[in-house]
Amino acid sequence: MNKILFKGGWVVSSRGLKKNDVLVSGDKIITVGRHLSVDAEVVDVSGKLLFPGFIDAHTHFDLEVSDTVTSDDFSSGTKSALAGGVTTVVDFATQNKGETLSEALNNWHVKAFAKSSCDYAFHMAVSDLREDVIEELPAMFEQGVTSFKVYMTYPAMILSDKEIYELLSELKKLGGIVGCHCENAGLIDGIRGELEQKGDLSPRFHPISRPSSAEAEAIHRYARIAEAVDCPVIVVHLSSEAGLEEIRRARKRGAKIYVETCPHYLLLEDSVYEKDFDESAKFVCSPPIRKHNDRKALWNAVRSGEIQTVSTDHCSFTSLQKRAGQYDFRLIPNGMPGVETRSILMYTYGVKKKRITVGRMCELLCENPSKLYGMFPKKGIIKAGSDADIVVFDPHSHGVITKENQHSSCGYTPYEGVKVSGEVERVYLRGELVFSDGEIIKENTGRYVSRGKPEL
Ligand code: URP
Ligand code: ZN
Ligand code: ZN
């Protein structure tokens, strides 16, 4: 069995940094300790940080939506992931109305199989909760799908409060967890109608049409439904201070709510919508980019532990695809790329700016998503017995994010020209070097990760 000894690096975990060598045999980590000396290929990682492979638990690759399909499929999307040090993505298998969950899951296996360069798992996004769909839930668990997503908005995806209640009740019995896209659809529709009447249909009106009150109201409702069922839930892509306040209130009442946010809500402000169409359309995502106070509140919550995980909601469209909404922002396909830039942005604007420690970064990007989504300790930690997914991270490097150095197929990055500290230098996926110095070394070796129950 091929053995690799990583010597002289700083191993990162939620507890911080520890100077340790790491011995890998085949696809597993076998020893973590001081001054290891064995017959193995030695990789000198002196002065480098060794992170567990990052997990991005919120991607949309090869998703058909808004009469188009995301520009990144599992081929380009997972290469982009590796370049960001992401060795596991949890993508959203998405049920179209009329489909069974088995059909949806099979569709996503076909999209990902033999095309993925990092490991992958699936949540199941449920859009059509029929009796036969409820009966399929145990089969999802048998196939390693233990987390689900529901939407409180988007006509193609929305579930009623009653349906959300029923799904949570069933999943409580099975031990699964449900993430929710929380936005009040009626409020958004009402505002959109008014904007249409006034002819206010440029991207500048996108954030106005989806106010933080729409997010806060939906979070409140979701929390109350979860409390009625008495089960833990996840709020995905939290974007606002108003939403965070609802989470605090619900937790005070005793609700068990986990929260995810994304780098774009931590780093960008709504002035991004004041530019010309092509530029502002890049930032049309839902929930929209918010204001300075929201950003500040979210960073504080990331630091304090009120937010458990930072994923990306990578959902990329080219500028040409975004032009579908040139005369009406409602037709712009929603979403942004992000899987490649998350680690470097969190290191630069989190760790280097002293908003979070490097241990907290590891908790947010590795350990917590692994536990929340039933992959711990196989993924998300550098420990004997875990998969040898290792990111060699150079903390001393400096660079600039540009579209030319990205691997996504969308043709731009929302962070063009942003200066960054640190670099994902090398990535090992289950013991194999798959990314080095900006290049994908080995492609299509990603495997499906069948997940256990969430560890909460
Ligand atoms: O704009 C977004 N976020 N698109 C992706 C789908 C979703 O709501 O997560
Ligand atoms: Zn969503
Ligand atoms: Zn999403």
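As shown above, the structure is provided for reference.
How each quantity is defined
Residues numbered from 1 in each chain as written. Chains lettered and ligands numbered in written order. Predicted model: local features only at pLDDT ≥ 70, side-chain atom pairs only at ≥ 80, totals over all residues. Heavy atoms only, no water. Helix = DSSP H or I, 4+ residues; strand = E, 2+ residues; numbered from the N terminus. Rg over C-alpha atoms; globule rule 2.2 N^0.38 Å. Buried < 20%, exposed > 50% of the residue type's maximum accessible area, 1.4 Å probe, protein only. Areas by Shrake-Rupley, 256 points an atom, 1.4 Å probe, with all protein chains shown as cover. Lys, Arg positive; Asp, Glu negative; His and termini not counted. Charge placed at Lys NZ, Arg CZ, Asp CG, Glu CD. Donors = N, O, S within 2.8 Å, 3.2 Å for Na, K, Ca; no water. Tetrahedral: all angles 85-135°; square planar, octahedral: opposite > 155°, others 65-115°. Contact = heavy atoms within 4.5 Å. Polar contact = N/O pair within 3.5 Å; in protein donor to acceptor, adjacent residues only side chain to side chain. Pairing = 2+ DSSP bridges. Axes fitted to C-alpha atoms, helices over the stretch in contact; angles between N-to-C directions. Patch = residues over 30% accessible without salt bridge, like charges linked within 9 Å, V, L, I, M, F, W, Y side chains within 5 Å. Salt bridge = Lys/Arg side-chain N within 4 Å of Asp/Glu carboxyl O. Near = heavy atom within 4 Å. Nonpolar A, V, L, I, M, F, W, Y, C, P; charged D, E, K, R; others polar.

Colleague: How should the overall build of the protein chain be read in this particular structure?
Modeller: Across its full length, the protein chain holds 14 helices and 21 strands. Its C-alpha radius of gyration of 21 Å places the protein chain within 12% of the 23 Å reference for a compact globule of 456 residues. A burial count over the protein chain gives 62% of its 456 residues as buried. Summing over all exposed atoms, the protein chain offers an accessible surface of approximately 17,100 Å²; the carbon and sulfur share of this is 50%. Both charge centroids of the protein chain, one from 57 positive and one from 63 negative side chains, sit 7 Å from each other.

Colleague: Got a minute to help me understand the coordination of the zinc ion (ligand 3) in this structure?
Modeller: Each angle at a metal carrying four tetrahedral donors should ideally be 109.5 degrees, and each at a metal carrying six octahedral donors should ideally be 90 or 180 degrees. Distances from the zinc ion (ligand 3) to its protein donors, namely His 58 (NE2), His 60 (NE2) and Asp 313 (OD), fall within the range 2.0 to 2.1 Å. Seen from the zinc ion (ligand 3), its four donor atoms lie at angles of 87 to 132 degrees, and the figure they make is tetrahedral. Each donor residue of the zinc ion (ligand 3) lies on one chain, and together they are spaced H-x1-H-x252-D. Separating the zinc ion (ligand 3) and the zinc ion (ligand 2) is a distance of 3.8 Å.

Colleague: Whenever I open this one, the environment of Asp 119 confuses me. Can you help?
Modeller: With respect to the helices and strands, the residue Asp 119 is situated in strand S12 (residues 119–125). Among the residues examined, Asp 119 registers a relative accessible area of 2% and is labelled buried. C-alpha separation for the pair Asp 119 and Leu 331, spaced 212 residues apart in sequence, amounts to 33 Å. Not counting residues up to four positions away in its chain, the partners in contact with Asp 119 are Thr 87, Thr 88, Val 89, Lys 379, Leu 429, Arg 430, Thr 445, Gly 446, Arg 447 and Val 449. Engagement of the side chain of Asp 119 in a polar contact is seen with the side chain of Lys 379, the distance being 2.7 Å.

Colleague: Even after reading the chapter, I still don't get the sheet that holds strand S8 (residues 54–59), so can you show me in this structure?
Modeller: As summarised here, the arrangement of the eight strands in space is S8-S11-S12-S13-S14-S15-S16-S17, forming an open sheet in which the pairing is parallel. In this open sheet, the two edge strands, each paired with only one partner strand, are S8 and strand S17 (309–310). Most of the contacts of helix H7 (residues 212–229) go to strand S15 (residues 233–235), to which it runs at about 175 degrees, and overall it touches strand S13 (147–151), strand S14 (177–181), S15 and strand S16 (257–261). Most of the contacts of helix H8 (residues 241–253) go to S16, to which it runs at about 160 degrees, and overall it touches S15 and S16.

Colleague: Explanation requested: a positive patch on the surface in the structure shown.
Modeller: Together, Arg 15, Lys 18, Lys 19, Arg 34 and Lys 383 give the surface a local cluster of positive charge. Along the chain, Lys 383 falls in the loop between helix H14 (358–372) and strand S18 (390–400). Classification of Lys 383 by relative accessible area gives partly exposed; the value is 39%.

Colleague: Help me understand the site of ligand 1 in this model?
Modeller: What surrounds ligand 1 is a group of 13 residues, the closest being Lys 149, Tyr 154, His 181, Ser 286 and Asp 313. Contacts to ligand 1 include Lys 149, whose side-chain N or O atom sits 3.0 Å from an oxygen atom. Each residue belonging to the shell around ligand 1 can be placed in one class, and the counts come to four nonpolar, seven polar and two charged.

These results come straight from atomic positions and should not be treated as a statement about function.
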